[in-house]
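# Structural features, examined
Chain by chain, the residues:
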Amino acid sequence: MSNSPLTGRTALVSGAGRGIGAAHAAALVQNGAKVVLGDVDAKAGEATALELGAAARFIRLDVTNPDDWSAAVTMAEDPKWGSGHVDILVNNAGVSIPRLLEDMTVEEWQKTLDVNLTGHFNGISAVISSMKQAGGGAIVNTSSMTATVPVTKLAHYVATKMAIDGLTKVAALELGRYGIRVNSLHPGYIDTAMMGGAREDAVAGNLPIPRFGRPEEVADMMIYIVSRAVYSTGSQFAVDGGVVSGIEHG
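Read on for a plain summary of the structure. (Residues numbered from 1 in each chain as written. Predicted model: local features only at pLDDT ≥ 70, side-chain atom pairs only at ≥ 80, totals over all residues. Heavy atoms only, no water.)

## Considerations on the pairing of strand β6 (residues 180-187)
- Of all eight residues in β6, eight are buried; the element is thus mostly enclosed.
- Judged from the six bridges that link them, strand β5 (residues 137-142) and β6 form a sheet pairing that is parallel. Looking at β6, one finds that Ala 138 is bridged to Arg 181.
- Once the chain exits β5 it traverses helix α5 (residues 155-175) before rejoining the sheet at β6, and the crossover so formed is right-handed.
- The pairing of β6 with strand β7 (residues 236-239) spans four bridges and is classified as parallel. The partner of Leu 185 across the bridge, within β7, is Phe 237. (Buried < 20%, exposed > 50% of the residue type's maximum accessible area, 1.4 Å probe, protein only. Helix = DSSP H or I, 4+ residues; strand = E, 2+ residues; numbered from the N terminus. Pairing = 2+ DSSP bridges. Right-handed = clockwise from strand over helix to strand, strands pointing away.)

This is how it looks when you write it as structure tokens:
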């Protein structure tokens, strides 16, 4: 593990209890990092942290609550456990509530913005001081293929993912002088619970890579961003099977 690219680094991952977030946490541990897993689902988060062993810690994290973020950063900064600061932030938590615009409620709209967008803002704000003191860091904001290829019934979700791209670029501009890189990650159709049991052939069959992606494949790109893409900031990294190339109708 001493030769792993992230040995000596401490990471914080939101929405880490299951799915892509759990894959992120596992990949970070496998590459030598200590990881604080944050999630509103304490049962799932604790179980995932237990599976990952001593290099992982869980804290209940409601990304809409700045106080929860402060507590998560404090846990990550424990010098007896990790590096003493946050080196990596993966803003992963998000919600999706499929609904036509004409049927969407203000509450559904606002909840999606609060979690998907304000949650990312809160995460970035929470780690800036720690990363500045460390002399730099890497932030990965989870956007989506829908930021480029919008999908019906997801106006609120699409709006947040497009906004995350803008937030990412401004953060990259402002934080680069401190050695903090900020990039966005754009998953496509990934085989998680958010797919709602959709048929792989019906949804992804016409993609250049005609299948669902796996959470581990998204995590592989995240590891590349935080450990290898050292001259990239404000950039978009897609893991979408080629959906942004267009969709072929047979």
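Once you've had a look at it, read on.
## Thoughts on the packing of aromatic side chains
- For the structure shown, the criterion picks out one aromatic pair.
- Seen from their ring centres, Tyr 224 and Phe 237 are 6.4 Å apart, and the 65° between their planes marks the pair as edge-to-face. With Tyr 224 in helix α7 (residues 215-227) and Phe 237 in strand β7, this residue pair connects regions lying 13 residues apart in the sequence.
- A cation over an aromatic ring shows up here: Lys 132 above the ring of Tyr 178, its NZ or CZ 4.3 Å from the ring centre. (Phe/Tyr/Trp six-rings, centres within 6.5 Å; stacked < 30°, edge-to-face > 60°. Lys NZ or Arg CZ within 6 Å of the ring centre and 35° of its normal.)

## Comments concerning α7
- Here α7 spans 18 Å end to end across 13 residues, near enough to the 18 Å set by a 1.5 Å rise per residue.
- Listed as buried for α7 are Pro 215, Val 218, Ala 219, Met 222, Ile 223, Ile 225, Val 226 and Ser 227. The buried residues of α7 occupy one face: seen down the axis, they fall within an arc of 165°.
- For α7, the secondary structure elements touched by its buried residues are α1 (19-30), β4 (88-91), β5, β6 and β7. (Expected span 1.5 Å × (residues − 1). Arc of directions from axis to C-beta. Contact = heavy atoms within 4.5 Å.)

## Some details on the packing of α1 against α7
- Between α1 and α7, whose axes approach to 8 Å, the crossing angle comes to 50°. In terms of orientation, α1 and α7 fall into the oblique class. Note that α1 runs across α7; the crossing there is right-handed. Contacts between α1 and α7 pair Gly 19, Ile 20, Ala 23, His 24, Ala 27 and Leu 28 from the former with Pro 215, Glu 216, Val 218, Ala 219, Met 222 and Ile 223 from the latter. (Axes fitted to C-alpha atoms, helices over the stretch in contact; angles between N-to-C directions. Parallel < 35°, antiparallel > 145°, perpendicular 65-115°, else oblique. Left-handed = near helix turned anticlockwise from the far one by under 90°.)

## A short note on the pattern of salt bridges
- If you walk through the whole model with that rule in mind, you get five salt bridges.
- Note that Arg 57 and Asp 78 form a salt bridge whose closest N and O atoms lie 3.1 Å from each other. On the criterion of sequence distance, the pair formed by Arg 57 in strand β3 (residues 56-60) and Asp 78 in the loop between α3 (66-76) and β4 is long-range, its members being 21 residues apart.
- Using a relative accessible area of 25% as the deciding quantity, one classes Arg 57 as partly exposed.
- We note a salt bridge from Glu 108 to Arg 99, for which the minimum N-O separation is 2.5 Å.
- The structure contains a network of salt bridges with shared partners spanning Arg 211, Arg 214 and Glu 217. (Salt bridge = Lys/Arg side-chain N within 4 Å of Asp/Glu carboxyl O.)

Shape descriptors only; they carry no functional weight alone.
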